[in-house]
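Each chain, written out:
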Amino acid sequence: MEKTITKYLRHLKIPISNAYLEKLILSHQDYPFLISIADTFEKIGIEYDFLKINKENISQYLPCLIHVERNEGDLIFISNL
């Protein structure tokens, strides 16, 4: 999950070290739940929204992180279709 978030932030050209990002996420009391990502984004000043969308509408929200219900919940970074 942390590597996916790092890829997303690099794509957005947000400078943050991998070690610092990992520390923020992994040390969160609710890790690995999505709230740990939301709180991390807030802490480093990144605006975000949690949305439930249909795959037909995904292109409107690119680039984005998608939470999928496989392997007990995974994050996927999508930059284009």
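Refer to the preceding data block for the structure.
Since the structure is predicted, the reported quantities are computational estimates derived from the model, not experimental observations.

A. Focus on the environment of D30. Within the secondary structure, D30 is located in the loop between α2 (18-26) and α3 (34-43). On the basis of relative accessible area, D30 is assigned to the partly exposed category, the value being 31%. Setting aside residues no more than four positions away along its own chain, D30 makes contact with I35 and S36.

B. Representation of unusual backbone geometry within the structure. Cis geometry is found at the peptide bond from Y31 to P32, where omega equals 10 degrees. Relative to the helices and strands, P32 resides in the loop between α2 and α3. Between L62 and P63 the backbone carries a cis peptide bond, its omega angle lying at -10 degrees. Here P63 lies in the loop between α3 and β1 (64-68). Unusually for a residue other than glycine, K13 sits at a positive phi of about 60 degrees. Along the chain, K13 falls in the loop between α1 (2-11) and α2.

C. Highlighting the environment of F41. Position of F41 among the secondary structure elements: in helix α3. Sequence spacing of F41 and L81 is 40 residues, and the spatial spacing of their C-alpha atoms is 25 Å. Beyond its immediate sequence surroundings of up to four residues, F41 is in contact with I5, Y8, L9, I46, Y48 and L65.

Conventions used here
Residues numbered from 1 in each chain as written. Predicted model: local features only at pLDDT ≥ 70, side-chain atom pairs only at ≥ 80, totals over all residues. Heavy atoms only, no water. Helix = DSSP H or I, 4+ residues; strand = E, 2+ residues; numbered from the N terminus. Buried < 20%, exposed > 50% of the residue type's maximum accessible area, 1.4 Å probe, protein only. Contact = heavy atoms within 4.5 Å.

By themselves, these are just geometric observations and shouldn't be taken as functional.
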